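# Fold and geometry: a report
Now for the letters of each chain:
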Amino acid sequence: AKRAYVRTKPHINIGTMGHVDHGKTTLTAAITKVLSAADQAAYVPFERIDRSREEAARGITISISHVEYETATRHYAHVDMPGHADYVKNMLTGAAQLDGAVLVISAQDGVMPQTREHVLLARRVGVAHVVVALNKADGADPELTDLVELEVRELLAEHGYPDSPIVRVSGLRALEGDPEWTASIEALLRAVDDHVPVPERYTDAPFLMPVEGAITVTGRGTVVTGAIEQGTVAVGDTVEAVGQNGGFTAVVTGVETFGKTMERGEAGDNAALLLRGVRREQVRRGQVLAAPGSQTAHRRFTARLTLLTAEEGGRRTPVVNGYRPQFYLRTADAPGRITLRGADTALPGETAEVEVELGTPLAMRPGLGFAVREGGLTVGAGEVTGVLD
Ligand code: GDP
Ligand code: MG
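Residues numbered from 1 in each chain as written. Chains lettered and ligands numbered in written order. Predicted model: local features only at pLDDT ≥ 70, side-chain atom pairs only at ≥ 80, totals over all residues. Heavy atoms only, no water.

An unreviewed UniProt entry lists the protein under the name Elongation factor Tu, with Streptomonospora mangrovi as the source organism. As its UniProt record puts it under Subunit (unreviewed entry), the protein is described as follows: "Monomer." (UniProt positions renumbered as here; feature names shortened; annotations may be inferred.)

Next up, the structure:
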């Protein structure tokens, strides 16, 4: 039988962000390695976190990896993402619901373009707490590292993170078992424990979980994975799929987190739900599973849309009425058409009131954030202001 997940500590969702090659995946592996010594994590090697190459070779896009660990006071789910585009999508859509982030910056390279972009994204999507891992400190000149630290402080203060702890670490050396750098990872985790508070969870609201993926388990049924956005779920509950191909209901026959059975999944948890009588093809990434009758799908909505500047990674030229980019809401993405309200064009850097018509209906509510992308660029970040039909 499977082990049960015992909820003894508050659960927190964090993730690494930062410029490519600054050591996010190495650090993620190192955290599990260091904590495995105290039995607070199962060691997850680099190759198992960074599956991007292997998956890319097989033509599968894996955009997010989850690892699990505990400190003395918390249980953490930690996400690491392979590429910059995955960050942008997962963060802006809220698919990665981060209570806090570990910003990884190479002490040898300093602040780079994706470092800036991720700080900006974190601010936009409401990641309230950032802890900095000044990584690769093993090979960095301490005086140059002081300068990098000043630069980092300035960047963070500029974006509303004036009191972020900055910890000098070496993910690589810790992974190799070096005691000094192992201690640096412990210091980083203490900083995360201290700096990222336990957020308020909406456990009393109706159950809602955006679908990240689904697999068939022979002889058992279809397992649907995702992060629970609000409410709770337990074996025996009926859930309804809303969104593209939605409309069916199913009974939950199993609730798990990281391979362990749970009595009850709660807002903030990463969950795998076993659904009876559902075929794999019925479930799609982008649907939501919800308490029956609590959610409806819509194709049209009004929104406030901020177009990113070229500096922020956005467009150089204005968008015009009838513009058709791709929309990312929670785990869903769908094409859509934008009608500007009271204007013919909107410039990068501007915030516009718009009306959107999606190619497929999606579950949504006022206040929901979304990203707008086009040809590999994130061109805008928006918020639903009203749901039409
Ligand atoms: P990511 O793209 O941010 O996930 O970066 P990776 O974790 O893949 O690391 C990129 C490269 O930096 C690899 O060659 C790592 O071995 C190296 N690296 C990562 N962490 C450290 C560190 O603490 N010190 C040193 N010297 N190299 C590191
Ligand atoms: Mg990586």
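Inspection of the region around ligand 1 gives 15 residues, with Asp 21, Lys 24, Thr 25, Thr 26 and Asp 138 positioned closest. The side chain of Thr 25 places a nitrogen or oxygen atom 2.9 Å from an oxygen atom of ligand 1. One of the side-chain nitrogen or oxygen atoms of Asn 135 is found 3.1 Å away from an oxygen atom of ligand 1. Protein contacts shield 77% of the accessible area of ligand 1, which totals 590 Å² for the unbound molecule. Sorting the residues of the shell around ligand 1 by element identifies α1 (24-36) and α7 (171-175) as the ones contributing at least two each. Counting residues per element, the shell around ligand 1 draws most heavily on α1, which supplies 3 residues. (Near = heavy atom within 4 Å. Polar contact = N/O pair within 3.5 Å; in protein donor to acceptor, adjacent residues only side chain to side chain. Areas by Shrake-Rupley, 256 points an atom, 1.4 Å probe, with all protein chains shown as cover. Helix = DSSP H or I, 4+ residues; strand = E, 2+ residues; numbered from the N terminus.)

Now for unusual backbone geometry. Positive phi outside glycine occurs at Asp 21, with the angle close to 70 degrees. Tracing the chain through its elements places Asp 21 in the loop between β1 (11-17) and α1. Exposure remark for Asp 21: the relative accessible area of 63% places this residue in the exposed category. For Asp 39, which is not glycine, the phi dihedral falls at a positive 65 degrees. Within the secondary structure layout, Asp 39 lies in the loop between α1 and α2 (46-49). For Asp 39, a relative accessible area of 72% gives the class exposed. (Buried < 20%, exposed > 50% of the residue type's maximum accessible area, 1.4 Å probe, protein only.)

Let us look at the sheet that holds strand β23 (residues 369-374). Pairing in this closed barrel of 6 strands is antiparallel, and the strands run β17-β22-β20-β19-β23-β24 around the ring. Adjacent strand axes in the sheet meet at a mean angle of 40 degrees, parallel and antiparallel pairs treated alike. Pairing analysis gives 5 bridges linking strand β20 (residues 332-340) to strand β22 (residues 351-363), with the strands arranged antiparallel. Looking across to β22, one finds that Leu 340 is bridged to Val 354. (Pairing = 2+ DSSP bridges. Axes fitted to C-alpha atoms, helices over the stretch in contact; angles between N-to-C directions.)

What follows is about the environment of Ala 77. By secondary structure assignment, the location of Ala 77 is in strand β3 (residues 75-80). Note: C-alpha distance between Ala 77 and Val 252 (175 residues apart in sequence) is 23 Å. Excluding its chain neighbours within four sequence positions, the residues that come into contact with Ala 77 are His 11, Ile 12, Asn 13, Ile 14, Val 67, Phe 258 and Asn 270. (Contact = heavy atoms within 4.5 Å.)

Looking now at the packing of aromatic side chains. A complete count under the given rule lists 4 aromatic pairs for this structure. Ring centres of Phe 301 and Phe 370 lie 5.6 Å apart, and the angle between their planes is 75 degrees; this geometry places the pair in the edge-to-face category. Here Phe 370 lies in strand β23 and Phe 301 lies in strand β17 (residues 297-307), a separation of 69 residues in the sequence. By relative accessible area, which is 0% here, Phe 301 ends up buried. Its relative accessible area of 1% is what places Phe 370 among the buried residues. (Phe/Tyr/Trp six-rings, centres within 6.5 Å; stacked < 30°, edge-to-face > 60°.)

The mixed open sheet is built from 6 strands, whose spatial order is β2-β3-β1-β4-β5-β6. The sheet is open, and its two borders are formed by β2 (65-70) and β6 (166-168), each paired with just one other strand. Pairs of neighbouring strands in the sheet enclose a mean axial angle of 25 degrees, with direction left out of account. With 5 bridges connecting them, β1 and β3 associate as parallel partners.

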